[in-house]
Amino acid sequence: MSKRLSLTIIGMVLSLGVFSAEAVAHPKHKHHHKHGHHHDHKHKHKKVIVVKHKRPKHHYYHYRHIPPRSTHIQIGNFTYLKVDDHYYKRSKDRYVHVVL
């Protein structure tokens, strides 16, 4: 075999060895895992907020017996009364509790 042919064969073997090693190697990623390893993906759930309303001390107030700590609210043709963070809607001679 000639010297030139043997150098060409050695060059091909070396280049194939380098090429095949790169082709077989796994890419270097931050999150690369071995085969058989599974992720436990956590699903994001929306938080549920439960608002508990305290029952009012009174279901209604007569318009003549409104407590002094109350506030009158006029919205259009409707009159509301706010007492201790509870709302009451005017209905005839009473203010009846409503949930807003």
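If you're wondering where the values come from, they're calculated on a predicted model, not measured in any experiment. (Residues numbered from 1 in each chain as written. Predicted model: local features only at pLDDT ≥ 70, side-chain atom pairs only at ≥ 80, totals over all residues. Heavy atoms only, no water.)

A. Main features of the pairing of strand E2 (residues 71-75). Across five bridges, the pairing between E2 and strand E3 (residues 78-83) is antiparallel. Directly across from Ile73, in E3, lies its bridge partner Tyr80. Hairpin geometry of E2 and E3 is characterised by an intervening segment of two residues between the two adjacent antiparallel strands and by a positive phi of about 60° at Gly76. (Pairing = 2+ DSSP bridges. Helix = DSSP H or I, 4+ residues; strand = E, 2+ residues; numbered from the N terminus.)

B. Expanded view of the side chain of Thr79. Looking at the secondary structure, you find Thr79 in strand E3. Of the polar contacts made by the side chain of Thr79, one reaches the side chain of Gln74; its length is 3.0 Å. Beyond its immediate stretch of four places on either side in the chain, Thr79 contacts His72, Ile73, Gln74, Tyr88, Lys89, Arg90 and Tyr95. (Polar contact = N/O pair within 3.5 Å; in protein donor to acceptor, adjacent residues only side chain to side chain. Contact = heavy atoms within 4.5 Å.)

C. Layout of unusual backbone geometry. Even without being a glycine, Asp85 presents a positive backbone phi close to 65°. The topology assignment puts Asp85 in the loop between E3 and strand E4 (86-91). Since its relative accessible area comes to 63%, Asp85 is described here as exposed. (Buried < 20%, exposed > 50% of the residue type's maximum accessible area, 1.4 Å probe, protein only.)

D. Looking closely at the pattern of salt bridges. Applying the stated criterion across every chain yields a total of two salt bridges. For Arg69, the salt bridge identified is with Asp84, shortest N-O distance 2.9 Å. Separated by 15 residues along the polypeptide, Arg69 in the loop between strand E1 (60-62) and E2 and Asp84 in the loop between E3 and E4 bring together distant segments of the chain. Arg69 gets classed as partly exposed once you look at its relative accessible area, which sits at 47%. A salt bridge links Lys82 to Asp85; its shortest N-O distance comes to 3.8 Å. On the basis of relative accessibility, which here comes to 27%, the residue Lys82 falls in the partly exposed class. (Salt bridge = Lys/Arg side-chain N within 4 Å of Asp/Glu carboxyl O.)

Note that all results are geometric; they support no functional claim without further evidence.
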